Amino acid sequence: MVNFSRRSTPISSTLSATDLQRVHTTPLNFNDKTSMSKALEGVDVFYCTYWIRFEKDGDSHSAAAERVKRAFEAASEAGVKKVVFSSHTRATVDSRFSYISGKAKAVEALREVSERSNMNYAVVRPCGIFGDTPSESILMNNAAYVLRRTPLFLLAGDGTQKFQPVHVRDMAELMAEVGSGSTTTTGEELDATGPDCPTARELFSYINDHARGVSVVTPTFLPTSVITTLSKPIDWVTGDILLDKDDLDLLGDGLTVANDPEDPRIAKRKSLFKWIDEVGLDLGGEYVSSVERYYKK
């Protein structure tokens, strides 16, 4: 098993020593397509979950799309049978959000490489991932961190924006299903979303109740830009970015729900609310920095 990464070991704390010994980590260098291709020789399925969280320090989501295109080309040249890419629900190239349009551009690039090389492909579409542990669930954990420390938790608009995240193991199972489970098929594009699709008010109220929160969760009917600005003192304290400028707008534009809500796979996945029941008391004990996790060299 080959792992392209800037980390020496995966984030997950649930992998055994035996599992880790099976993983051969190769430094991720998108500027050296030859070395990527060489590392992928003999690989049947290439699972690509690479992306950037924020546009930061001159980097962009369009540039990220170009990088993964080079990875897809390297996979093709290495004789990889199939590539499985993690995109985003309701992604379109003309989206006003660079995160979403960049994901869609990457999918287009994958389709192009697949068509001209006969390498098969599949796309899975999450909009957020939670589990196994609080530290692996940055959004939920950091929301709980705030809920446990502030008297008010302010929601943009009326708080009815919907969010449909998936458990990490269900995400992995879907990727395996369309990857190593079917290397001879191509073109699968499926939602990686869970069975629960709460409103912002329902979700953060539930976290507040189960994580020993002290906040009153309240809609403000204020625009998303104001709520994002009001969160900046938390950034100053933590050295992180709690809310990117587009995070709340993605919710408000309906981009964080399944493309195909009738997909029967969705109902079989782990409930977000059940997971909060299980880990709620551990959520928010410590802050988890996105900048530290995704950008620290």
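The name given to the protein in an unreviewed UniProt entry is NAD(P)-binding domain-containing protein, with the source organism recorded as Triparma laevis f. longispina.

## Topic: the packing of aromatic side chains
Enumeration according to the criterion identifies eight aromatic pairs in this entry. Here the aromatic rings of tryptophan 51 and tyrosine 99 are separated by 6.4 Å at their centres, their planes lie at 80°, and the arrangement is edge-to-face. With tryptophan 51 in the loop between strand S3 (45-48) and helix H3 (61-78) and tyrosine 99 in helix H4 (residues 98-117), this residue pair connects regions lying 48 residues apart in the sequence. Among the residues examined, tryptophan 51 registers a relative accessible area of 12% and is labelled buried. Here phenylalanine 153 and phenylalanine 204 contribute two aromatic rings whose centre-to-centre distance is 5.1 Å and whose plane-to-plane angle is 40°, an arrangement assigned as tilted. Of this pair, phenylalanine 153 sits in strand S7 (residues 152-155) while phenylalanine 204 sits in helix H7 (residues 200-210); the two residues are 51 residues apart in sequence, bridging distant segments of the chain.

## Here we look at the nonpolar core
In this structure, Met140, Phe153, Leu203, Phe204, Ile207, Trp275 and Leu283 are the most contacted members of the largest nonpolar core, which totals 29 residues. Considering each element in turn, this core owes the most residues, six residues, to helix H5 (residues 138-147). With residues near it in sequence (within four places) discarded, phenylalanine 153 still touches Ala143, Val146, Leu147, Phe204, Ser215, Val216, Val217 and Thr218. With 26 residues, the next largest nonpolar core counts Val43, Ala71, Ala74 and Val80 among its residues.

## Concerning the pairing of strand S10 (residues 216-219)
Across the two faces of S10 the burial differs, with Val217 and Pro219 buried and Val216 and Thr218 not buried at all. Direction of pairing for S7 relative to S10: parallel, over a ladder of four bridges. Considered in S10, the bridge of leucine 152 is made with valine 216.

## Here's the deal with the pairing of S3
The sheet contact formed by S3 and strand S4 (residues 82-86) spans four bridges and is parallel. The residue bridging tyrosine 47 from the neighbouring strand is valine 84, located in S4. Crossover connection from S3 via H3 to parallel S4: handedness right-handed.

## Considerations on the packing of H5 against H7
Put simply, H5 and H7 touch, their axes get as near as 9 Å, and they point 65° apart. Between H5 and H7, the angle falls in the class roughly perpendicular. Considering only the axes of H5 and H7, their crossing is right-handed. Contacts from Met140, Ala143, Ala144 and Leu147 of H5 reach H7 at Leu203, Phe204, Ile207 and Asn208.

## Let's talk about the pattern of salt bridges
Following the criterion strictly, the structure yields 17 salt bridges and no others. Across the salt bridge formed by glutamate 73 and lysine 33, the nearest N and O atoms sit 3.1 Å from each other. Taken together, the positions of glutamate 73 in helix H3 and lysine 33 in helix H2 (residues 33-39) put the pair 40 residues apart, joining distant regions of the chain. Glutamate 73 gets classed as buried once you look at its relative accessible area, which sits at 15%. The partner of lysine 232 in a salt bridge is aspartate 235, and the shortest N-O contact between them spans 3.5 Å. One end of the pair, lysine 232, and the other, aspartate 235, are both in helix H9 (residues 232-238), three residues apart, so they sit about a helical turn from each other. Residue lysine 232 is classed as partly exposed on the basis of its relative accessible area of 29%. Residue class for aspartate 235 comes out buried when judged on its relative accessible area of 8%.

## Structural notes on the side chain of lysine 82
Note on placement: lysine 82 falls in strand S4. Polar side-chain contacts of lysine 82 include one of 2.6 Å to the backbone oxygen of valine 178.

## Considerations on the environment of aspartate 240
The residue aspartate 240 is located in the loop between H9 and helix H10 (247-252) in this model. Residue class for aspartate 240 comes out buried when judged on its relative accessible area of 4%. Taking the C-alpha atoms as reference points, aspartate 240 and valine 288, separated by 48 residues in sequence, lie 8.8 Å from one another. Residues within four places of aspartate 240 in sequence aside, it is in contact with Asn142, Asp235, Tyr287, Val288, Ser289, Ser290 and Val291. Among the polar contacts made by the side chain of aspartate 240, one reaches the main-chain amide nitrogen of serine 290 at a distance of 3.1 Å. A polar side-chain atom of aspartate 240 sits 2.9 Å from the main-chain amide nitrogen of valine 291.

Calculation criteria
- Residues numbered from 1 in each chain as written.
- Predicted model: local features only at pLDDT ≥ 70, side-chain atom pairs only at ≥ 80, totals over all residues.
- Heavy atoms only, no water.
- Phe/Tyr/Trp six-rings, centres within 6.5 Å; stacked < 30°, edge-to-face > 60°.
- Helix = DSSP H or I, 4+ residues; strand = E, 2+ residues; numbered from the N terminus.
- Buried < 20%, exposed > 50% of the residue type's maximum accessible area, 1.4 Å probe, protein only.
- Core = buried A, V, L, I, M, F, W, Y, C linked by side-chain atoms within 4.5 Å.
- Contact = heavy atoms within 4.5 Å.
- Pairing = 2+ DSSP bridges.
- Right-handed = clockwise from strand over helix to strand, strands pointing away.
- Axes fitted to C-alpha atoms, helices over the stretch in contact; angles between N-to-C directions.
- Parallel < 35°, antiparallel > 145°, perpendicular 65-115°, else oblique.
- Left-handed = near helix turned anticlockwise from the far one by under 90°.
- Salt bridge = Lys/Arg side-chain N within 4 Å of Asp/Glu carboxyl O.
- Polar contact = N/O pair within 3.5 Å; in protein donor to acceptor, adjacent residues only side chain to side chain.

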